[in-house]
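Listed below are the residues making up each chain.
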Amino acid sequence: MAGSFSSITREDIERKSFNDELARLNRGVVIAWVLNFIVLLAAVMALLSIMTLQDVQSMEDLRIRLLFNALIAAGVSLLVMLIIYLKPNGMLMHAMGGNMTEVQSGRVHNIVEEICIASGVTGDDMPNVYIVEGTGILNAYAVSDGSNSNVIVTDELVHALNRAELQAVIAHEMGHVNSGDCVAMTRLIAMSNVVGIISELGLDILCGGSTPSSRHRRRMREKRESSNNSSSDSKSSDSTAMLIGLGIVLLGIMFLIFAPAISLAARNHMSRTRESRADTYSVQYTRNPTALATALIRIEQLQGNDEFKGNDKRFLKKAGSLAFYAPALNKRDATHPDTMTRIHELIVMGADEGRIRVAIDHPRTTINFNGYDDDEQDQSARRPAPSRRQYMQPTNAMGMMGTSANTVNNDNHAHSADMVHNAPSANTVNSVHNDNPVGNAHNVDNARRADDANPFSVGSDTRAGSAHGGKRRLVRHRHDGDGQRNVVR
Amino acid sequence: MSVLLVIIVIIVVLVLLVGSAYNGLVKAQEQVNNAWSQIETQLQRRYDLIPNLVETVKGYAAHESGTLQTVVAARNAVGTALKDKTPEAVEAAQKATEQARLAINAVAEAYPNLKANTNFLSLQEELTSTEDKMSYARQFYNDTVTKYNIKVQSFPTNLLAGMFGFKVRETFQVDSAEVRQAPRVSFQ
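Residues numbered from 1 in each chain as written. Chains lettered and ligands numbered in written order. Predicted model: local features only at pLDDT ≥ 70, side-chain atom pairs only at ≥ 80, totals over all residues. Heavy atoms only, no water.

**Focus on the overall build of chain B**
Quick reminder of the rule: Secondary structure elements are defined from DSSP: runs of H or I of at least 4 residues count as helices, runs of E of at least 2 residues count as strands, and each element is numbered from the N terminus. Note on classification: 1.4 Å probe, protein chains only; a residue is buried when its accessible area is under 20% of the maximum for its type, exposed when over 50%, partly exposed between these limits. Contacts were defined at the residue level, with two residues in contact if any of their heavy atoms lie within 4.5 Å. In these tables, accessible area is a Shrake-Rupley quantity obtained with a 1.4 Å probe, and a residue counts as shielded only by the protein chains included in the view.
For chain B, the count of helices and strands is 7 helices and 0 strands. Burial status across chain B gives 41% buried among its 188 residues. Within chain B, counting contacts between residues at least 6 apart in sequence, those at least 24 apart form 78% of the total. Surface exposure of chain B reaches about 10300 Å², of which carbon and sulfur atoms provide 61%.

Here you go:
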């Protein structure tokens, strides 16, 4: 009985801090909305003024026209922003480029169904599943507008990971969807991207092929151009095109001025604990922290290969904070915790360090697009998972929402974390709880956040001489060596 | 007069408390039933899936009667589980299907043609997925039952549960000793 009471208070703590973070995200959405509204309003207003204020007769006339313009501009901007607020999914669906198809069957769809079962999502709440081909990106993300959610996975990722790893990645995305932060994130990113997307589109129309653009958009433009050539000869269409172009250029300039401010506002409201929480959700659903860790390693290894390097730059810039794997170009822009930090947290949750080592030491160098990467070793690795699931049965599912195992209730765990961290900071293993010393080494549900301290500072600061830093260097090193090391698995 | 008022207030508060506790119990029980129905859905899926698999494998493994027997036994076990609706029967079905899956994989290893057969491959994927869905459904069932059981057993809802006949439900158990053992961490 005492146990149940203490678990209730723990749940309450978790729920409270989670709600705080959601509230913060939503504040970010509002701020981005207002900022964008102002930018759009100014741009439309300026455009209308250029168009209509050439032959002003009197001050009275000017006043009336300005008022009229302001009203139209406000209406247009309001409409645009409302659409983006209510339907943000579409804006981010094509963030990767490539060919997108919705799937109704097959491995990826099956896995999404499985995770839905694991998380108790049924019927219409199940997200739509999309596979993107030909992007050269290994990534996955989810978008949601509250009623509809979509999970988007690249073909490269599907073929690079084995089944258990793909499950773990999709469970991570479902964690975002189910915890409710996906809606806020989708809105926030759609909002902070809107001016950028519009102005980019405008530059595309105006300058033809001079801007770098994805294959998809180029194809769209070709289509547009061919239709233009056949129908447009008159001078009037030319001049309206000029005006539209002018407006778009104006927007582009606005964007240059305001984009840093908007993205700064957005970034300040993005919670950096979301990713860790989604990782914890993934472990709660699949009970397989090892697969999530090796998936991270595989992606980092393959994405670092020459074949795929840099392909994801545009995508990460646009929707990086939604992505499953988003390495930061610099620490300030980090939307995700460092990969090694995530792996450390997974080890604390019970990931098998031996298997992680194997994954680091034997990088896969190619993706087999004709089949799945399910060799016998992976099959055998998969097998313990279902039983482990039973073993790790949490009595308190909400407890899983804790971001990292700031409090570990078990010697074993603290120990295995030590082995990697060498110098466990107050941040990682805040306190060691020994009131439950029975051999449930994998009872991760007791992991919880003790306070709002940012757990990610642990991984990002390079502690000199720590085993942690050493291990990270090891990953980098393997990376560089990917080209020469042709380990056949 | 004021005494009467106090009594009325106390009664109203009590009724509200008891009502909400009772509703909580009903809700938890309904969640458990839902979770169980998910298990049944997957059992049925598996039951329907196995004949297709048998048809595909038959051509290749006609003389390997052992494999087919294992598969048929698995289907029967699933049928029993669908009828009995007990965790034990589901457990038995799961084990039998696992055996069948391994046997089929072994056949596939021996016959490269079968391994390249897209029909077989998609069936294999479906079976794997159904297996995973089963264990996820079990896991979710266990989670919801645990929550429900805590409610039924803890004070003060246990008084209500006793009055209205809410019983503790059974969860799926882990039986193998090696699973209970904490996994060893090896440093290479």
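**Points about the overall build of chain A**
Looking only at helices and strands, chain A has 19 helices and 6 strands in total. Just so you have it, chain A exposes about 21000 Å², and 58% of that area is on carbon and sulfur atoms.

**Some thoughts on the side chain of A:His109**
Residue and element names in this part refer to chain A. Turning to its location among the elements, His-109 is positioned in helix 4 (residues 107-119). Note on His-109: relative accessible area 10%, which makes it buried. Leaving out residues up to four positions away in the same chain, His-109 has contacts with Val-103, Gln-104, Met-126 and Val-129.

**A closer look at the packing of aromatic side chains**
The geometry of an aromatic ring pair comes down to the distance between the two centres and the angle between the two planes. Short version of the rule: In summary, the pairing rule links any two rings of Phe, Tyr or Trp, Trp by its six-membered ring, whose centres are within 6.5 Å, and it sorts them by plane angle into stacked for under 30 degrees, edge-to-face for over 60 and tilted for everything else. Should the NZ of a Lys or the CZ of an Arg lie within 6 Å of a ring centre and within 35 degrees of the ring normal, that charge is described as sitting over the ring.
Taken as a whole, this structure holds 6 aromatic pairs over all chains when the rule is applied. Sitting over the face of the ring of A:Tyr85, A:Arg187 holds its NZ or CZ atom 4.1 Å from the ring centroid. Sitting above the plane of the B:Tyr47 ring, B:Arg75 keeps its charged end 3.9 Å from the centroid.

**Points about a nonpolar patch on the surface**
Residue and element names in this part refer to chain B. What counts here: Like-charged residues are merged into a patch within 9 Å and nonpolar side chains (Val, Leu, Ile, Met, Phe, Trp, Tyr) within 5 Å, provided each residue has over 30% relative accessible area and no salt bridge. For this document, the term salt bridge refers to a Lys or Arg side-chain nitrogen within 4 Å of an Asp or Glu carboxyl oxygen.
Where nonpolar side chains cluster on the molecular surface, the patch consists of Val-3, Ile-7, Ile-11 and Val-15 and spans about 370 Å² of accessible area. Mapped onto the elements, Val-3 comes out in helix 1 (residues 2-58). Since its relative accessible area comes to 56%, Val-3 is described here as exposed.

**Digging into the confidence of the model for chain B**
Atom-level detail of predicted coordinates should not be read off regions where pLDDT is low. All names here are of chain B. Note the following rule: Residue-level confidence of the predictor is what pLDDT reports, using numbers from 0 through 100.
Of all residues in chain B, 89% attain a pLDDT of 70 or more, and the chain-wide mean is 79. By mean pLDDT, the top-scoring element of chain B is helix 1 (86), and the lowest-scoring one is helix 7 (residues 177-180) (41). This stretch, residues 176-188, has a pLDDT under 50; its non-local contacts, to residues over four places away or in other chains, come to 16 contacts. Reported confidences for the modelled complex are a pTM of 0.70 and an ipTM of 0.78.

**Quick word on the pattern of salt bridges**
For the structure shown, the criterion picks out 17 salt bridges over all chains. The salt bridge involving A:Arg63 is made with A:Glu60; its shortest N-O contact spans 3.7 Å. One end of the pair is A:Arg63 and the other is A:Glu60, both in helix 2 (residues 59-86) and 3 residues apart, which spans about a single turn. Judged by its relative accessible area of 47%, A:Glu60 falls in the partly exposed class. Residues A:Arg298 and A:Glu165 are paired through a salt bridge, measuring 4.0 Å at the closest nitrogen-oxygen approach. In this pair, A:Arg298 is assigned in helix 11 (residues 289-303) and A:Glu165 in helix 6 (residues 163-179), connecting sequence segments 133 residues apart. Here the salt bridges share partners, and the residues they tie into one network are A:Arg107, A:Glu114, A:Arg163, B:Glu125 and B:Asp132.

**So, the environment of A:Met126**
Residue and element names in this part refer to chain A. As for its position among the elements, Met-126 is in the loop between helix 4 and strand 2 (128-133). Through-space distance from the C-alpha of Met-126 to that of Glu-113 is 7.5 Å; in sequence the pair is 13 residues apart. Discounting chain neighbours no more than four positions away, the residues touching Met-126 are His-109, Val-112, Glu-113, Cys-116 and Val-121.

**Considering the nonpolar core**
Cut-off, in case you're wondering: The definition of a nonpolar core used throughout is a set of buried Ala, Val, Leu, Ile, Met, Phe, Trp, Tyr and Cys residues joined through side-chain atoms within 4.5 Å.
In terms of nonpolar packing, the biggest core is built from 97 residues, with A:Leu157, A:Ile170, B:Ile39 and B:Leu43 touching the most fellow members. Ranked by residue count, the leading element in this core is helix 1 of chain B, at 12 residues. Beyond its immediate stretch of four places on either side in the chain, B:Leu43 contacts B:Val78, B:Ala81, B:Leu82, B:Val90, B:Ala93 and B:Met134. Ranked by size, the runner-up nonpolar core spans 34 residues in total, among them A:Met81, A:Tyr141, A:Met191 and A:Ala319.

**Considering the sheet that holds strand 3 (residues 140-144) of chain A**
Residues and elements named next belong to chain A. Note the cut-off: Pairing between two strands is assigned when DSSP locates at least 2 bridges connecting them. Between N-to-C directions, angles cover 0 to 180 degrees, with each direction set by a line fitted to C-alpha atoms, over the stretch in contact for helices.
Spatial strand order, 1-2-4-3: 4 strands in an open sheet with mixed pairing. The open sheet has two edge strands, strand 1 (99-103) and strand 3, and neither has a second partner. Ignoring which end each strand starts from, the neighbouring axes of this sheet average 25 degrees apart. In this structure, strand 1 lies alongside strand 2, joined through 5 bridges in antiparallel fashion. If you follow Met-100 over to strand 2, its bridge partner there is Val-132. Across the sheet, helix 4 lies against strand 1, strand 2 and strand 4 (149-154), angled at about 145 degrees from strand 2, the strand it touches most.

**Overview of helix 13 (residues 339-348) of chain A**
All names here are of chain A. Most of helix 13 is tucked away, with 10 of its 10 residues classed as buried. Along helix 13, the residues classified as buried are Thr-339, Met-340, Thr-341, Arg-342, Ile-343, His-344, Glu-345, Leu-346, Ile-347 and Val-348. Count one or two residues on from helix 13 and you reach Gly-350, which has phi positive near 115 degrees.

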